[in-house]
Amino acid sequence: MTTNYASNTASITVPRLMLRLAILAVGLAVVVIMLGAWTRLVHAGLGCPDWPGCYGFLTVPQSETKMAIANARFPETPVDVAKGWPEMIHRYAAGMLGLLVFGLAAYAVRQRKLNVPVKLPLFIAGFIVLQGAFGMWTVTLKLWPQVVALHLLGGFTTLSLLALLVLRLRSRVRGGLAQTAVLKSAGKRPWLYGGLLLVIMQIALGGWTAANYAAVACTDLPTCGGQWWPQDMDFAHGFDITQHVGPNYLGGKLNADGRVAIHVSHRLGAVVVLIYFSVLLGLLWARRRRNGLGQSVAVVAVVLLAQIGLGLANVILYIPLAVAVAHNATGALLLLSVIHLIWHERQLSQGLQAQLSGAKDNKNNSTNSAKHQEITA
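So, here is what we can say about the structure in this document. (Residues numbered from 1 in each chain as written. Predicted model: local features only at pLDDT ≥ 70, side-chain atom pairs only at ≥ 80, totals over all residues. Heavy atoms only, no water.)

Some remarks on the environment of Leu 169
Right, on to step 1. Tracing the backbone through its elements, the reader meets Leu 169 in helix α5 (residues 145-173).
Right, on to step 2. With 152 residues separating them in the primary sequence, Leu 169 and Leu 17 have C-alpha atoms 9.6 Å apart.
Right, on to step 3. With near-sequence residues (within four places) excluded, Leu 169 lies in contact with Pro 15, Met 18, Leu 19, Ala 22 and Pro 117. (Helix = DSSP H or I, 4+ residues; strand = E, 2+ residues; numbered from the N terminus. Contact = heavy atoms within 4.5 Å.)

Structure (C-alpha cells):
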C-alpha cells in the first residue's frame, strides 16, 4: 500500500513540475514573438550579418578593437550597435526557449513510465531545431520575405504546441476529464476549428505584411489613400512567392501597389475574422449555461476586440513601436485563447460522454441484477 501511494504521489508531482516548466516555456515563447516584432520594427533584422554570433562575437562588438575586427570581417555592413543589440537579445531569448524545450523533452523521456506526454515534447524539440534553421536563413538570405514570414509562423506554431502541452499536463494534474455534466455545444466544434483556421490565416497575412513592410501602405481609415478599393492594387506582385533571393530585403522591395494589395488584404481578413467570431461567440454565449463555455468565450471576445483596437491604432497613430509590438503579442494571445476554447469544449464534451456511458453501464447492471434476482426467485 505504501508503494502504491509513493507511486501515485510521484505520478502527480512529475506532471506538476512539467506543467510549471511548460507554462514558463509558453510565456517565454510570447516574449520571443514580441522581441521578434521589436527587432523587425526597429529595422534591426540584419543588425548582425552572421549567425548565431554577431560579427563573429558572442555579443555585439562595442570596443574599438572589436569593432575594427568586425568591420574588417564584414566591410559591407559596418557595426551598428543600436541595431545589433535588438537582434542579439532576440537570439538570446530564443536560445533560452530552445534549451527549455530540450529540457522538457529530456525530462519527459526520463519520466515516460509515469505516463507523461512524450511524443509532443519530442516533436516540439524537433520543431525548435527547424525554427532555429529558419532564424539562420532569415539572416543569411538577408530577410527574404518568404523565410521571414515562415519564421514568424514557426514562432506561433511553437507557441501553439507548447500551449497544447500545457493543456494536456493540466488535464492530467486535475485527474483527466472534466466531471461537470453539461450539454454539448450544439455541433459548434467544426465552426470552432473554422475560426482557428481563420486566425491562423490572418496571422499568416500579418506575417506577410510585416515581411514586406506593408503596414504603412495605407495611412487612413476606413479607406486606403482616400479610396474604399484602391484601383491600382497589384495582387500578383504583392503575393508573388516565387521572387528570387536577395541581395537584401531590409525595408522591402515591393512596389507601392503591391504593398497596398497586401495591406488591404490584411484589413479584409480582420473584418472576416471579426464578423465570423461575433456570430460564433454570440451563439455560444447565448447557450453558456448549457455548454459551460461562458468564461472561455468571454476571454476570446475580449482579446479579439483588443486586437482589432490595436490594429486600428497602428494605422491611426502610424505604427508606434509599443502599439505594434502589442499587436503582435495580442495576436499570440488570440491564438492561445481560441485553442483554449476548443480544448475546453472537447474536455466538457468528453466528460459528459464519460458520465453518460457510466450511467448507461449502471442502468444495464441494475437491469441484469433485477433479472438475476427474478430467476433466482
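Description of the nonpolar core
Right, on to step 1. Residues Leu 97, Ile 124, Leu 159, Leu 162, Phe 277, Val 338 and Leu 341 are the most contacted members of the largest nonpolar core, which totals 59 residues.
Right, on to step 2. Among the secondary structure elements, those contributing two or more residues to this core are α1 (2-41), α3 (81-110), α4 (119-140), α5, α6 (189-211), α8 (256-286), α10 (294-316) and α11 (321-376).
Right, on to step 3. Ranked by residues supplied to this core, first place goes to α1 with twelve residues.
Right, on to step 4. Among all residues touching Ile 124, those that are not within four sequence positions of it are Val 101, Leu 161, Leu 162 and Leu 165. (Core = buried A, V, L, I, M, F, W, Y, C linked by side-chain atoms within 4.5 Å. Buried < 20%, exposed > 50% of the residue type's maximum accessible area, 1.4 Å probe, protein only.)

Details of α4
Right, on to step 1. The end-to-end C-alpha separation of α4 is 32 Å, in line with the 32 Å expected for 22 residues at 1.5 Å each.
Right, on to step 2. Along α4, the residues classified as buried are Leu 120, Pro 121, Ile 124, Ala 125, Phe 127, Ile 128, Gln 131, Ala 133, Phe 134, Gly 135, Thr 138 and Val 139.
Right, on to step 3. In the stretch just after α4, Lys 142 is the one whose phi turns positive, near 55°. (Expected span 1.5 Å × (residues − 1).)

Notes on the side chain of Asn 314
Right, on to step 1. Residue position: Asn 314 is located in helix α10.
Right, on to step 2. With residues up to four places along the chain from it excluded, the contact list for Asn 314 reads Ile 319, Pro 320, Val 323, Ala 324 and His 327.

Focus on α10
Right, on to step 1. In this model α10 runs 33 Å from its N-terminal to its C-terminal C-alpha over 23 residues, within 8% of the 33 Å that 1.5 Å per residue would give.
Right, on to step 2. One or two positions beyond α10, positive phi appears at Tyr 318, with a value near 65°.

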